[in-house]
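# Coordinate inspection notes
As a plain string of letters, each chain reads:
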Amino acid sequence: MAKLTQDDILKLAKLARLRLTETEINKLQGEIGEILEYVEVLQNVDIKGLMPTYQVTGLTNITRPDEVRDYGATPSDLLKNLPAREKNYIKTKRMIR
Amino acid sequence: MNNWPVIADIAKDVESGKVKAVDLVKEALKRIEDASEYKAVIANIKVRSLERAGYIDEQVRTGKKIGRLAGVPFIAKDNYLAFGADTTAASNILKGFDAPYQATAIEKLEAEGAILVAKANLDAFAHGSSTENSDYFTTLNPHDKTRVPGGSSGGSGAAVILGLVPFALGSDTGGSIRLPASFCGAVGMKPTYGLVSRSGVVAMASSLDCMGPLTSNVTDAGLILDVMSGRDPLDSTTIERDYISYTKLDIGLKGKIIGVIKEYMGDGLDGNIKANIQTAINNLETAGATIKEISLPSLPLALAVYYIICPAEVSSNLSRYDGQRYGYSAKDADTLDDSYELSREKGFGAEAKRRIMIGTYVLSSGYYDAYYNKAQTVRTKLINEFQAAFKEVDFLAGPTSPSTAFKIGENTSDPLKMYLTDIMTVAANLVGVPAISVPCGTSDGLPVGLQLMAPQQKDRDLLGLAKAFEDLNT
Amino acid sequence: MSSYKATIGIECHVQLKTATKLFAAVSNDARAAEPNTLISHICMGMPGSLPVLNGKVIELATKAAFALGTRPQAFSKFDRKHYFYPDLPKGYQISQFEQPIILGGHINTSVEGKPKRINLTRAHLEEDAGKSTHPEGANYSLVDLNRAGTPLIEIVSEPEMHSAAEAKAYAQELYLLMKYADVSDVDLYHGNMRFDVNVSVSKTEKLGTRTETKNLNSFRSVEKAIDYEIVRQSDLLDKGKEILQETRGWDDTKQKTYSQRSKEDSHDYRYFPDPDLPPIVIDEKFISVIENSMPQLPDELRRQFEKIGLDSSQAETLLYEPEISKFVVEISDSHGNKTAKTIANWVTGEIQHLVVDGKLDWQQVLTNSKSLVKLVSLVDGNLLSSTAAKEVLVDVLTTGSDPQAIAESKNLIQESDESALIMIIEQVISDNQKAAEDVRNGEIKVIGFLVGQVMKASQGKANPTIVQNLIKKLLGV
């Protein structure tokens with residue numbers, strides 16, 4: 001796999017909503033490149049006949065009944081950390097619509 | 001260092017009225033104050049803890065039963081949501097966050113009468129092996145102030161060894177309970193994945209995160225785990241636990257087969273550490289266990305697997321920190337994208353950004369199969385090797401870490417070098433098995449940790465082995 | 001322009017009929033709720049919050065599978081779909097990408113009497129996002145997370161429709177299927193069904209660039225948006241311009257589609273299996289229990305209506321009222337097709353008009369079923385003319401009284417006794433010798449006049465059909 005270009009870093013930063021500084025971009029390019037090189041070792045590992053393991057519990061069908069439950073926290077509790085609000089609404093910058 | 005009585009005894013004394021919970025809390029808070037130079041704690045919980053202690057003492061006066069942890073003060077890693085102080089995960093992006101609910105683990109402990117007195121320092125979002133990634137400050141190793149306590153539950157490890165409280169809570173995604181236990185000389189248990197609820201703990205890597213205790217002895221670890229564990233309707237990944245109490249640990253060594261992991265005892269291992277581990281193994285053998293050498297050939301791949309899966313899940317779990325509903329929100333933002341990008345840029349530390357970027361990369365279209373899916377499949381390989389190994393042996397053993405506590409700043413300039421600290425601990429998280437680190441002598445005055453592992457759901461057996469080992473040394 | 005062939009695919013989000021959300025045990029009914037009151041730490045995407053699956057949706061998805069002509073998948077799981085938007089609290093939506101609960105399936109539609117089968121690609125479970133509003137002239141937006149986490153099933157059709165009419169028929173049939181299978185309330189007014197339409201045009205076999213017009217919430221807007229897009233795209237291509245692959249919205253006031261996104265229309269959602277949710281495994285036992293309990297679906301009811309003798313427009317009208325459809329079928333089972341047909345005619349005629357005008361409600365039909373049957377028997381027994389019956393009908397439904405009593409009180413009972421009628425007829429004939437002569441001479445039309453005179457003489461009580469036959473007999477024609 002090729003090393004990451006500055007453009008690659010910028011695209012990833014955009015996807016991840018991080019406004020990186022010039023210094024950070026350069027630094028990350030090197031660091032991430034180094035880490036990706038380290039994990040490169042997996043490319044040649046033989047995984048024939050094996051399926052990925054996404055969960056180690058082996059659980060299936062974990063559900064709850066279709067009933068309202070009191071979790072304890074009130075809407076007021078849940079909204080108390082809002083950075084910006086208008087009455088009971090979460091206030092954000094204009095969403096382009 | 002930790003001169004608290006055994007937890008069961010503390011609780012008995014409080015329930016009998018012999019000791020007042022309020023006095024225990026005051027003692028803990030005083031010790032925290034006195035040890036502040038070690039910076040183990042991010043925030044104290046004075047008001048609520050004294051209130052709860054007062055209430056417990058009052059209940060005792062009227063003859064009510066409290067619980068198995070009556071009046072026992074404890075510290076929780078600051079990624080556990082709790083009342084009484086902010087929950088920050090040692091990150092600027094959660095500075096000032098007032099949790100609207102508590103972690104199930106904490107609710108369970110409080111239901112038995114335990115009292116939370118402070119939040120411990122950690123690597124921000126639990127990303128790290130030394131607490132140097134905390135956005136606030138680095139905790140100092142109680143044995144040597146120029147060295148790290150290990151991470152990411154460094155504050156918890158230091159707190160226990162400094163004797164601030166009888167037990168502390170940590171989280172372990174790639175070794176974050178075991179490593180600080182090893183570096184500080186404490187007992188640190190990562191249980192079977194799913195044994196303890198993750199509800200109310202800031203998620204790092206969801207398929208790897210395990211909650212567990214750090215204590216100064218195995219008996220205490222067993223009791224705390226016994227209280228913390230069990231199916232939680234708020235966490236779909238919790239498993240049914242075995243019903244024999246984790247306080248029944250007199251299992252003994254006779255007939256037990258311990259496999260020493262060949263790949264962890266290679267030529268590159270530090271000579272002192274190797275010697276310590278070898279001595280420990282020899283003692284176990286003398287005491288009745290059978291020792292075998294066992295090979296898990298894919299172990300050298302575990303770190304690479306971990307450093308794909310972990311950042312991937314991290315990048316996803318950290319998406320919610322966007323400055324819109326809680327946490328840090330950039331005031332100088334004009335547009336929505338500004339708000340997102342500036343809040344996350346200023347709020348997250350370097351390591352969080354690093355992991356988010358790597359995670360985003362390995363999940364992005366075009367790379368998903370080669371990285372994420374491939375790593376999850378090599379994970380299967382590891383799981384199969386562990387299963388095969390456990391057909392031959394009951395337990396696995398080796399060092400917890402390739403080194404003892406390193407100097408502050410020694411590994412911070414090279415992220416990869418820091419990642420290599422986890423080389424012996426990540427496999428247990430990938431496979432989901434329980435793993436414990438117990439003190440195993442010192443090397444140049446610094447604690448060495450012996451890591452023991454057992455098959456999934458054999459947590460009690462593992463604690464039993466650890467207890468037997470501990471008894472050999474006392 | 002008319003040489004362009006349109007190709008249309010529809011993705012429909014249907015809100016599942018549950019009491020609580022998909023992953024949080026919070027009420028699902030946001031219709032009358034104040035903003036941000038039906039929320040939990042899970043709905044807010046708080047640190048440490050974890051999803052727990054609402055078991056009811058497995059049952060509803062299985063019912064949906066049967067309604068869509070297929071069976072549920074034995075194994076399915078949840079995936080995370082990542083993008084940043086204030087109405088998406090976790091920064092990802094929990095959906096099903098790789099292994100959805102339904103694969104394949106089809107819907108049988110009918111356009112202008114011609115049957116057409118539209119195949120489906122898949123259907124999957126996913127959580128809804130919150131609602132955002134954008135106050136006029138303000139530089140901010142407001143987010144309400146009451147709706148965040150509401151369970152949806154997203155049904156994806158193959159791109160097999162080629163006109164707005166076909167698309168509308170598809171949408172309508174999907175509506176009925178989800179309603180009859182009891183999967184959703186399908187309350188269009190409250191956005192229980194939202195349609196995204198993918199439209200492209202081409203002169204060749206190769207499909208053109210498609211646009212996606214999102215969040216249409218009525219059959220009319222589905223039809224109009226598609227018609228608009230077909231024209232817009234054809235016009236552009238005729239002018240030699242390119243079609244931008246983009247997301248569009250529908251402006252109902254201006255009756256146009258408009259562009260919604262700019263550059264980054266291709267999203268990298270970075271799907272991966274959600275580690276917080278164990279997969280769903282459905283066994284045969286569960287599937288057969290649901291299969292055996294499935295209610296009658298529209299196509300089955302259409303066949304029954306046909307047997308009863310109803311025309312397709314009547315059938316479609318009835319289908320929009322499942323309780324009434326069921327009722328009509330029950331009547332035919334217990335009292336035969338003729339009675340059912342008469343009642344169905346009243347339902348799709350008089351009664352429907354009155355319901356639409358707000359003078360009656362459907363519940364009144366159901367509670368008065370015995371009286372309706374009796375009313376039919378009065379007509380069949382020639383005691384009431386069909387016109388008189390309609391008059392009695394309204395009173396039966398509004399007062400709940402016995403139809404015969406009502407008819408008598410209104411003096412509507414017909415005289416059908418032949419001997420009594422003959423007496424009146426003979427009198428009329430003798431009073432109208434010229435008319436009678438005209439009839440005998442072949443002017444059959446004049447019988448109407450004579451019948452009218454008999455009706456007058458009997459104060460409207462004579463049975464006109466019988467009167468006519470008797471007149472013919474007496475005059476020898």
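Residues numbered from 1 in each chain as written. Chains lettered and ligands numbered in written order. Predicted model: local features only at pLDDT ≥ 70, side-chain atom pairs only at ≥ 80, totals over all residues. Heavy atoms only, no water.

### What to know about the overall build of chain B
Each helix and strand in chain B was counted, giving 15 helices and 11 strands. Taking 2.2 N^0.38 as the reference for a compact globule, 474 residues should give roughly 23 Å; the C-alpha atoms of chain B span a radius of gyration of 21 Å, in line with that estimate. Only carbon and sulfur atoms are counted for the fraction: they give 50% of the accessible area of chain B, which is about 14000 Å². Of the charged side chains in chain B, 48 are positive and 56 negative; the average position of the first set lies 3 Å away from that of the second. (Helix = DSSP H or I, 4+ residues; strand = E, 2+ residues; numbered from the N terminus. Rg over C-alpha atoms; globule rule 2.2 N^0.38 Å. Areas by Shrake-Rupley, 256 points an atom, 1.4 Å probe, with all protein chains shown as cover. Lys, Arg positive; Asp, Glu negative; His and termini not counted. Charge placed at Lys NZ, Arg CZ, Asp CG, Glu CD.)

### As for the sheet that holds strand β3 (residues 115-120) of chain B
Residues and elements named next belong to chain B. On the basis of which strands lie adjacent, the open sheet formed by 11 strands has the order β1-β3-β2-β4-β6-β5-β10-β11-β9-β7-β8 and mixed pairing. Since the sheet does not close on itself, it has two edges, and those belong to β1 (41-44) and β8 (290-294), each with one partner. On average, each strand axis in the sheet is tilted by 30 degrees relative to the strand beside it, whichever way the strands run. Two elements, strand β7 (residues 257-261) and strand β9 (residues 395-399), share three bridges in a ladder whose sense is parallel. By the bridge assignment, isoleucine 258 is partnered in β9 with phenylalanine 395. In the packing of helix α12 (residues 369-392) onto the sheet, the strands contacted are β7, β8, β9 and β11 (446-453), and the crossing angle to β9 comes to about 110 degrees. (Pairing = 2+ DSSP bridges. Axes fitted to C-alpha atoms, helices over the stretch in contact; angles between N-to-C directions. Contact = heavy atoms within 4.5 Å.)

### Let's talk about helix α5 (residues 154-161) of chain B
Residue and element names in this part refer to chain B. Across the eight residues of α5, eight count as buried, placing the element largely inside the fold. Of all the residues in α5, the buried ones are Gly154, Gly155, Ser156, Gly157, Ala158, Ala159, Val160 and Ile161. Buried-residue contacts for α5 involve β2 (73-77), β3, β4 (167-172), α6 (178-184) and β6 (210-215). Downstream of α5 by one or two residues, glycine 163 has phi in the positive range, about 75 degrees. (Buried < 20%, exposed > 50% of the residue type's maximum accessible area, 1.4 Å probe, protein only.)

### Focus on the packing of aromatic side chains
The full count for this structure, using the stated rule, is 23 aromatic pairs over all chains. Plain terms: the ring middles of tyrosine 307 of chain B and tyrosine 419 of chain B are 3.8 Å apart, the flat faces sit at 15 degrees to each other, and that makes the pair stacked. Here tyrosine 307 of chain B is found in helix α9 (residues 302-317), whereas its partner tyrosine 419 of chain B is found in helix α13 (residues 415-419), with 112 residues between them in sequence. Relative to phenylalanine 78 of chain C, the ring of phenylalanine 23 of chain C has its centre 5.3 Å away and its plane inclined at 80 degrees; by these criteria the two rings are edge-to-face. Taken as a pair, phenylalanine 23 of chain C in the loop between β1 (5-15) and β2 (53-54) and phenylalanine 78 of chain C in the loop between β3 (75-76) and β4 (79-82) lie far apart in primary sequence, 55 residues in all. Assessed through its relative accessible area of 2%, phenylalanine 23 of chain C is described here as buried. Taking relative accessible area as the criterion, phenylalanine 78 of chain C reaches 1% and is therefore assigned buried. Grouped by ring-pair contacts, the aromatic residues Phe97, Phe125, Tyr321, Tyr326 and Phe348 of chain B constitute a single cluster. The positively charged end of arginine 241 of chain B is found above the aromatic ring belonging to tyrosine 246 of chain B, 4.0 Å away from the centroid. (Phe/Tyr/Trp six-rings, centres within 6.5 Å; stacked < 30°, edge-to-face > 60°. Lys NZ or Arg CZ within 6 Å of the ring centre and 35° of its normal.)

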